[in-house]
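Overview (structure and organization)
This is what each chain is made of:
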Amino acid sequence: MGSRASTLLRDEEIEEIKKETGFSHSQITRLYSRFTSLDKGENGTLCREDFQRIPELAINPLGDRIINTFFPEGEDQVNFRGFMRTLAHFRPIDDHEKNKDPNVSEPLNSRNNKLLFAFRLYDLDKDDKISRDELLQVLRMMVGVNISDDQLGSIADRTIQEADQDGDSSISFTEFIKVLEKVDVEQKMSIRFLH
């Protein structure tokens, strides 16, 4: 399968993906091999069902929400480049990436982009704020029936009360960032990819 990965992925594509995502050449070819093994239709794209066969996503309470992040609005297929763009959010931040160069666009794995990615997992209706109902839905996904609705409601109310700074009974992205300012998002939202 390694030979298939290297023959179907051109060097110029690898270089473009390296620039866009920060992954190394070997990481890209390894992830391409994984991508092609998931591509049961062998058409160069993945569908939601392909992702649902990944055991770690199948057992994750937020698996469907995570899977949805791979698909642009209205799309039901993702190509390798889109796959890599989403995975890049989980790439650990290297020391050299922390130096801000105003002429270079923010990397996909920056703290801000990781937080935006997490925020979108909660913002179910995509209105740029997390309502009590959205928070409840995500909490329910995460804990299942292990906590009563009253307890979940109390957690949601307390969370919104602590985060809501403008009094609109929801959490904006700015408020979300503020709540998580002391959390090591760079580490908590990182997957170690082999080199």
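Residues numbered from 1 in each chain as written. Predicted model: local features only at pLDDT ≥ 70, side-chain atom pairs only at ≥ 80, totals over all residues. Heavy atoms only, no water.

1. Some details on the UniProt feature "domain: EF-hand" (unreviewed entry) in the protein
UniProt tags residues 110-145 and 151-186 as "domain: EF-hand" (unreviewed entry). The distance separating the terminal C-alpha atoms of residues 110-145 is 35 Å; by composition the span is 67% helix and 6% strand. Counted over residues 151-186, helix gives 61% and strand 6%. Its end C-alpha atoms are 30 Å apart. (UniProt positions renumbered as here; feature names shortened; annotations may be inferred. Helix = DSSP H or I, 4+ residues; strand = E, 2+ residues; numbered from the N terminus.)

2. Overview of the environment of Asp123
Inspection of the secondary structure puts Asp123 in the loop between α8 (111-122) and β3 (129-130). As for Asp123 and Val138, which are separated by 15 residues in sequence, their C-alpha atoms are 9.3 Å apart. Sequence-distant contacts of Asp123, that is, excluding residues within four places in its chain, are made with Arg65, Asp128, Lys129, Ile130 and Glu134. A distance of 2.8 Å separates a polar atom in the side chain of Asp123 from the backbone nitrogen of Asp128. (Contact = heavy atoms within 4.5 Å. Polar contact = N/O pair within 3.5 Å; in protein donor to acceptor, adjacent residues only side chain to side chain.)

3. A short note on the side chain of His89
Along the chain, His89 falls in the loop between α7 (80-88) and α8. Judged by its relative accessible area of 14%, His89 is buried. Within polar-contact distance, the side chain of His89 engages the backbone oxygen of Arg85 at 3.3 Å. When near neighbours in sequence (up to four residues on either side) are disregarded, His89 contacts Leu108, Asn109, Asn113, Lys114, Phe117 and Met189. (Buried < 20%, exposed > 50% of the residue type's maximum accessible area, 1.4 Å probe, protein only.)

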